Amino acid sequence: MGVAIARLRLRGPPDHAALARFAIEDGIRTSWPDDERLVLIRRVALGRTRPEQRPDRRSAQFRQAWDVATQGRRHGGESNAGDGNCVWFASRGEAWRLLLRDLIAGRQPVAWFWRLAVPDWQGEPAREWLAAALGEAVAGRGPIEPVALVEAVVAEGGIDLLLAAAEQMTGVPVRLPIAEADAVADADLPAEAAAAAGEPLPAHRTVVALVLAIREALPERIVAAIERLVLKIGVGAPVAPRLLERLLLRGSPALRLAPQQLAEAVRSYGLLLENGRGPTATIARRTPGRNAAEAVGAATKQQSQVSPAGEADAPTRTAPTAESVQMRASEGEPFVAPPSLSRLFDEAESPFAGLWLVVPVLIRLGFREWLTDHPDLAAADGGRRLIRAIGLHFGVDPEDPVLLPFVDCAPGDPDFARPWRVALDFHLWRWARIRLHEVVRRQGWLRQAEERLVIRFDPESVDLRLRRHALDIDPGWTDWLGLSIRYRYAKRGET
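Residues numbered from 1 in each chain as written. Predicted model: local features only at pLDDT ≥ 70, side-chain atom pairs only at ≥ 80, totals over all residues. Heavy atoms only, no water.

Caption draft 1: Geometry of the sheet that holds strand 1 (residues 38-41). Within the open sheet, the 3 strands sit side by side as 1-3-2. Their pairing is mixed. What marks the edges here is a single partner per strand, and that holds for strand 1 and strand 2 (74-75). Note that strand 1 and strand 3 (residues 86-89) share 4 bridges and pair antiparallel. Paired with Ile 41 across the strands is Cys 86, a residue of strand 3. On top of the sheet, helix 3 (residues 92-104) reaches strand 1, strand 2 and strand 3; it is set at about 100° to strand 3, its chief contact. (Pairing = 2+ DSSP bridges. Helix = DSSP H or I, 4+ residues; strand = E, 2+ residues; numbered from the N terminus. Contact = heavy atoms within 4.5 Å. Axes fitted to C-alpha atoms, helices over the stretch in contact; angles between N-to-C directions.)

In structure tokens:
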């Protein structure tokens, strides 16, 4: 837990100030709850404290001060949040999005907590702030990554504002207007002309198919916004490949394990955009995307070294919608209104939350290394598709919140799903005398904020069979899923 104190008032001899400050900061870190959310407190009275005070008494005193200061806490999106002493957000990314919403709507936020929640905002209008924020995000700094930034702006109807911010950031005019791309999107170039224009060679058709398949699975509005932004900046600008790379990783996180395929996909994507062969007219009809998905599926089938043992293909399933997920949410806290439910939701209840407990077991079995040895399977989003396939095999409803992080995952089950599922079941039974279906069918609550997923279980559901062999330890950052995963055993409201 990180604690930042903006202003600390101490009464006492000046020579004791440094020691008292250290004791207070240490006491706060050890006594205040480790909440994943961003909690902002306007004022907290810690009471009388002395450096020689017993640690347990100081801890109890500070915890009581926390309880008093956070009474009546309010979410930062509420209209009267500025009147409260304590405000919370699901994450800094959510605070960023809510501030952006107000700025795009023409409102100037004045509440006390905004400068603390979004330190990089110093009161600028939306266009100037977006220009700076886009540059920071593309450089890998800031509270929100570039694709999530574009997603948030599009959700609030500010795409034109974003394009203007991009032009202000780069000073580069539009390289290829969308209208021109539409005009040449369906043109059939001769082989010589295609080579001269940088058209991908036949050897790279699989990479192009991969790009189209990833684009097919992602929300169309987000893809269109990113592509327009890249065209606005210029495909040859250093920023453009970074944006395309983040978009591809959004659709297939496990591409991180296949750097060569990722680099080739970014290059091919840039060529497609630069030559106007696909971004608006052709792929908007979605037909090439389906053909591309079939091509990638065939490639992954050839690359897999594990036999599917004749298992029948899984039936086609639809991704959960915002309305269906909200209907299945827990009766407690409502969902935080996000730009995309696939990236941000709060305390969604599921009877299959144990599905996410397979992640540390897969790590122990060497699944990450296996993906690294099979880069084509990693590029085809093999990690997320495997976990989703395991859930669907055990009867998880496609609209269950436990599958919400996979809402933009490519459809279809991978051919290696069954062998890995059998390996998981065998490993769990051998070491913990528990079956995979018992692990998956476990009640819990999920909360996702940006790239962080927290799965909360009731303390009474702790299974000593798993705990004894450390099979339920936090996986932390899991690159092949694009998520930082944490398990918590606590009642609602407990820390």
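Caption draft 2: Layout of helix 10 (residues 205-217). Here helix 10 spans 19 Å end to end across 13 residues, near enough to the 18 Å set by a 1.5 Å rise per residue. Helix 10 sits mainly inside the fold: 11 of its 13 residues count as buried. Every buried residue of helix 10 is listed here: Val 207, Val 208, Ala 209, Leu 210, Val 211, Leu 212, Ala 213, Ile 214, Arg 215, Glu 216 and Ala 217. (Expected span 1.5 Å × (residues − 1). Buried < 20%, exposed > 50% of the residue type's maximum accessible area, 1.4 Å probe, protein only.)

Caption draft 3: Just the layout of surface pockets, in detail. Within this model, the largest pocket holds a volume of roughly 1700 Å³. Together, 44 residues line the largest pocket, and Ile 5, Arg 7, Leu 8, Ile 28 and Val 44 are the ones closest to its centre. Counting residues per element, the ones that place at least two in the lining of the largest pocket are helix 1 (17-31) and strand 1. Along the lines of polarity and charge, the residues of the lining of the largest pocket split into 25 nonpolar, 6 polar and 13 charged. (1 Å grid on protein atoms, 1.4 Å probe; cavity = no way out; pocket = protein on both sides within 12 Å on 5 of 7 lines; lining within 4 Å. Points joined across faces, edges and corners; volume = space filled by probe spheres on them. Nonpolar A, V, L, I, M, F, W, Y, C, P; charged D, E, K, R; others polar.)

Caption draft 4: Focus on the packing of aromatic side chains. All told, the structure shown has 14 aromatic pairs when counted by the stated rule. Look at Trp 96 and Trp 129: their rings are 4.9 Å apart centre to centre, the planes differ by 35°, and that puts the pair in the tilted class. A residue pair is termed long-range when its members are at least 10 positions apart, and Trp 96 in helix 3 and Trp 129 in helix 5 (residues 126-138) qualify at 33 residues. When sorted by exposure, Trp 96 lands in the same class as Trp 129, which is buried. Look at Phe 367 and Trp 420: their rings are 5.0 Å apart centre to centre, the planes differ by 85°, and that puts the pair in the edge-to-face class. In this pair, Phe 367 sits in helix 17 (residues 367-373) while Trp 420 sits in helix 20 (residues 417-432), placing the two residues 53 residues apart along the sequence. Judged by relative accessible area, which is 0%, Phe 367 ranks as buried. Judged by relative accessible area, which is 10%, Trp 420 ranks as buried. An aromatic cluster is defined as three or more aromatic residues linked by ring pairs; in this entry it consists of Phe 367, Trp 370, Phe 416, Trp 420 and Trp 480. Cation over ring: Arg 37 sits above Trp 88, and NZ or CZ is 4.4 Å from the ring centre. (Phe/Tyr/Trp six-rings, centres within 6.5 Å; stacked < 30°, edge-to-face > 60°. Lys NZ or Arg CZ within 6 Å of the ring centre and 35° of its normal.)

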